[in-house]
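# Results of the structural survey
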Amino acid sequence: MVSGVFELPFGRGKRFGAGVPRALDLLIGGWQVNTITTAQTGVPLIVRGANNFALNWPNVVRDPTLYGEDRGVSKWFDTGAFANPPDFVVGNVPRTLPNTRGPGMVQVDLSGFKTFRIAEGKVLEFRAEAFNFLNHVNPNNPGVSFSPNRQGVNTSASFGVITSAMKARNIQLGLRLAF
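This section reports on the structure supplied with the text. (Residues numbered from 1 in each chain as written. Predicted model: local features only at pLDDT ≥ 70, side-chain atom pairs only at ≥ 80, totals over all residues. Heavy atoms only, no water.)

### Details of the nonpolar core
Core analysis: the largest hydrophobic core is formed by 12 residues, namely Leu45, Val47, Val60, Trp76, Phe77, Ala81, Phe82, Val93, Leu97, Phe146, Phe159 and Ile162. Discounting residues that sit within four places of it in the chain, phenylalanine 159 has contacts with Val47, Phe77, Thr79, Phe82, Gly143, Val144, Ser145, Phe146 and Asn154. (Core = buried A, V, L, I, M, F, W, Y, C linked by side-chain atoms within 4.5 Å. Buried < 20%, exposed > 50% of the residue type's maximum accessible area, 1.4 Å probe, protein only. Contact = heavy atoms within 4.5 Å.)

### What to know about a nonpolar patch on the surface
Residues Ile118, Leu177 and Phe179 make up a contiguous nonpolar surface patch of about 390 Å² in total accessible area. Along the chain, leucine 177 falls in strand 7 (residues 170-178). (Patch = residues over 30% accessible without salt bridge, like charges linked within 9 Å, V, L, I, M, F, W, Y side chains within 5 Å. Areas by Shrake-Rupley, 256 points an atom, 1.4 Å probe, with all protein chains shown as cover. Salt bridge = Lys/Arg side-chain N within 4 Å of Asp/Glu carboxyl O. Helix = DSSP H or I, 4+ residues; strand = E, 2+ residues; numbered from the N terminus.)

### Comments concerning the pattern of salt bridges
Within this structure, the stated rule accounts for four salt bridges. Note that arginine 62 and aspartate 78 form a salt bridge whose closest N and O atoms lie 2.9 Å from each other. Separated by 16 residues along the polypeptide, arginine 62 in the loop between strand 3 (59-60) and strand 4 (82-83) and aspartate 78 in the loop between strand 3 and strand 4 bring together distant segments of the chain. Judged by its relative accessible area of 44%, arginine 62 is partly exposed. By relative accessible area, which is 13% here, aspartate 78 ends up buried. Residue arginine 176 is joined to glutamate 125 by a salt bridge in which the shortest nitrogen-to-oxygen separation is 3.7 Å. Of this pair, arginine 176 sits in strand 7 while glutamate 125 is found in strand 6 (residues 122-131), placing the two residues 51 residues apart along the sequence.

### Thoughts on the side chain of asparagine 84
Among the secondary structure elements, asparagine 84 is positioned in the loop between strand 4 and strand 5 (105-119). Among the polar contacts made by the side chain of asparagine 84, one reaches the main-chain amide nitrogen of asparagine 51 at a distance of 2.8 Å. (Polar contact = N/O pair within 3.5 Å; in protein donor to acceptor, adjacent residues only side chain to side chain.)

### Considerations on the sheet that holds strand 7
Read from one edge to the other, the open sheet built from five strands follows the order 1-2-5-6-7, with strand pairing classed as antiparallel. With partners counted over all chains shown, the strands left at the sheet margins are strand 1 (2-7) and strand 7, one partner each. Going from strand to strand, the sheet's axes swing by 15° on average, the running direction of each strand aside. Looking at chain direction, strand 6 and strand 7 are connected through nine bridges and run antiparallel. The residue of strand 7 that forms the bridge with alanine 128 is leucine 173. (Pairing = 2+ DSSP bridges. Axes fitted to C-alpha atoms, helices over the stretch in contact; angles between N-to-C directions.)

### Focus: the layout of surface pockets
If you add up the space inside the largest pocket, you get close to 230 Å³. Among the secondary structure elements, those contributing two or more residues to the lining of the largest pocket are helix 1 (22-28) and strand 5. If you tally residues by element for the lining of the largest pocket, the top one is strand 5, at four residues. When the residues that make up the lining of the largest pocket are grouped by side-chain class, the tally is three nonpolar, four polar and seven charged. (1 Å grid on protein atoms, 1.4 Å probe; cavity = no way out; pocket = protein on both sides within 12 Å on 5 of 7 lines; lining within 4 Å. Points joined across faces, edges and corners; volume = space filled by probe spheres on them. Nonpolar A, V, L, I, M, F, W, Y, C, P; charged D, E, K, R; others polar.)

### Notes on unusual backbone geometry
Most of the time, phi is negative for any residue but glycine, and the peptide bond is trans. At phenylalanine 88, a residue that is not glycine, the phi angle is positive and equals roughly 65°. With respect to the element layout, phenylalanine 88 can be found in the loop between strand 4 and strand 5. Look at phenylalanine 88 and you get exposed, because its relative accessible area is 64%. Of note in this structure, asparagine 135 is not a glycine but carries a positive phi near 55°.

### Quick word on the environment of arginine 176
For arginine 176, a relative accessible area of 45% corresponds to the partly exposed category. Residues arginine 176 and arginine 15 lie 161 residues apart in sequence; the distance between their C-alpha atoms is 27 Å.

### With respect to the side chain of serine 156
Here serine 156 is to be found in the loop between strand 6 and strand 7. Assessed through its relative accessible area of 19%, serine 156 is described here as buried.

Structure follows, in structure tokens:
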């Protein structure tokens, strides 16, 4: 995560426009821009589900991790790498899959603030904030519920599939009067 606060160098007493008329200074002076940029890797996935009268842990028969072009929202991991264990036997899947992770997340939040001095001790602040400013698609984790039938074949259409994403760009405006 990286964050920054920048006071823009425009308006009276600043590097650019130091001698502008008061009316223009009201428009261009006193702005502050802030950003918070977050980049995260995905979390390890936890697969559960069995149909064998025991605990809800399936067997994993090979590494389910997919790489590159083999991985996408319709198949995030190899769903064929899981099998139903024999009746009354706890499956061998680990608590979390060591190499198989959910999608990561990249988000840039940006805000701009403008302060207006109304009178002594009275300040009006205008705010414009954009969360996920670049509108980057950040998929949620895929479905991790293995639902085998009695023959051990998965019947869940959402297993290994990403069906949703985090929020898209969100913009809000606000005014704050301090007195």
